[in-house]
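Here's the letter readout for the chains.
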Amino acid sequence: MKISEVSIKRPVFATMMIVALLVLGLFSYNEMSIELFPEVDFPIVVVRSALPGASAESIEKEVTKLVEDAVNQISGIKHITSTSREGYSLVVIEFKLETVGAIAAQDVREKVAGIGNLLPEDIEDPIVSQFDHNAQAMMSITVAGKRSPKEITQLVKDRIKPRLEAVTGVGSVTLIGGKEREILVAINPDKLKAYQITVDMVRTAIASANMEVPGGRIDEGSREYMVRMQGRLTSVDQFNSIIVKNRDGMPIYLSDLAVVKDTIMEQRSLSRFNADPTVALDIISQSGANIVDLSDDVRKQIANLKKELPPDIELQIVQDQSIFIRDSIDEILFNIKFGTALAVFVIFMFLLDIRPTYITS
């Protein structure tokens, strides 16, 4: 055998070749990324459409059916699955495995854009995205404190969420269980009828009074200043002072028609930790990001946030996908080492000689 003959006659050459392979393997191991799943391109495209206020039946007839008929013309489709519920449409198109996912997504995007004039006017722009099995929460964090849920939610939106989104490799951060601030305008229908005012007139008056518009520019020598008309409402009293209509020279204020309250939005999601309501953040990684390295970076950012936030605010990691990945890798390495030791032991039991056993191992 050529390999055995060369190894026996040229032991230094054989040793250097083995050392070179070991060095190459060591560098490759250190540079290897750690992922839960291998990179696989699943040719699955998702179309999401939102039409607030529409019933499930309307969504099915006016949105979902049109999208299905449009994308059904694309070749290579295996299955089409759709879901229609109040104000929301979801169409999942699964292509054959030999189809390139990026090309399939582009074809679907063109077909959906082609039916834009057939969809309802109030619909939000449909979102076409390729399915990514890595686009799931790799870490979940709870935020609690001795404050009202509204204050905690505002703190999370203003200070915590932007800092986590800035970490390299983070795709998005989803807030769950928050109670956001809302200005509630409870209109009295009897007063609207008495003053002969419609709901659209009230809505138009509020929108006109709560806006910022550009006011041109001012030139001063070599400098130029932009002028902006600040008209955002900041308090309930300012809402009450909005003039909805002038009747016989007398202004009709919003306070004459409705009760304005500074309250919170209707809660659409709920998060609990140890049976207590809390505000949670789901961190979703970018496609191809190293989950283990990303987890380390997020933990460093959380440690910095704990130093900067008020002492009553507690951040706690309740779910971390990298822990499972690390445990899996450690188990694999243990099995490799244990298997190697068993193989060396079996060789020694057959040869009963230390020197050839050492060379083989």
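Rules used in this analysis
Residues numbered from 1 in each chain as written. Predicted model: local features only at pLDDT ≥ 70, side-chain atom pairs only at ≥ 80, totals over all residues. Heavy atoms only, no water. Helix = DSSP H or I, 4+ residues; strand = E, 2+ residues; numbered from the N terminus. Expected span 1.5 Å × (residues − 1). Buried < 20%, exposed > 50% of the residue type's maximum accessible area, 1.4 Å probe, protein only. pLDDT = per-residue confidence, 0-100. Core = buried A, V, L, I, M, F, W, Y, C linked by side-chain atoms within 4.5 Å. Contact = heavy atoms within 4.5 Å. Pairing = 2+ DSSP bridges. Axes fitted to C-alpha atoms, helices over the stretch in contact; angles between N-to-C directions.

Q: For this particular structure, what's the right way to read helix α10 (residues 321-351)?
A: Since one α-helical turn is 3.6 residues long, residues separated by three or four positions face the same way. Here α10 spans 46 Å end to end across 31 residues, near enough to the 45 Å set by a 1.5 Å rise per residue. Every buried residue of α10 is accounted for by Q321, S322 and I325. Just downstream of α10 lies L352, where phi reads positive at about 55°.

Q: Hey, could you run me through the confidence of the model for the chain in this one?
A: Regions with low pLDDT should not have their predicted coordinates read in detail. Averaged over all residues, the pLDDT of the chain equals 85, while 98% of them reach at least 70. Across the chain, the secondary-structure element scoring lowest on mean pLDDT is strand β8 (residues 213-220), at 75, and the one scoring highest is strand β3 (residues 88-95), at 92.

Q: Even after reading the chapter, I still don't get the nonpolar core, so can you show me in this structure?
A: Looking at soluble globular proteins, one finds that nonpolar side chains tend to be buried together. Counting 26 residues, the largest nonpolar core has V156, I160, L164, I283, V298 and L315 as the members making the most contacts within it. If you list the elements that add at least two residues to this core, you get β5 (137-144), α5 (149-165), β6 (170-176), β15 (279-285) and α9 (291-308). Here this core takes 6 residues from α9, the largest share from any one element. Beyond its immediate stretch of four places on either side in the chain, I160 contacts V143, L155, L281, L305, L309 and L315. Membership of the second largest hydrophobic core comes to 22 residues, among which are V47, V71, F95 and A105.

Q: Teacher, can you tell me more about the sheet that holds strand β16 (residues 314-320) here?
A: Strand order in the open sheet formed by 4 strands is β6-β15-β5-β16, with antiparallel pairing between adjacent strands. One side of each edge strand has no neighbouring strand; the edge strands of this open sheet are β6 and β16. Between one strand and the next, the sheet's axes are offset by a mean angle of 25°, whatever the strand orientation. For β6 and β15, the ladder comprises 6 bridges, and the chain directions are antiparallel. Counted as the bridge partner of V173 is I283 from β15. Contacting β5, β6, β15 and β16, α9 runs over the sheet at an angle of about 15° to β5. Sheet strands in contact with α10 are β5 and β16, and its direction is about 45° off that of β16.

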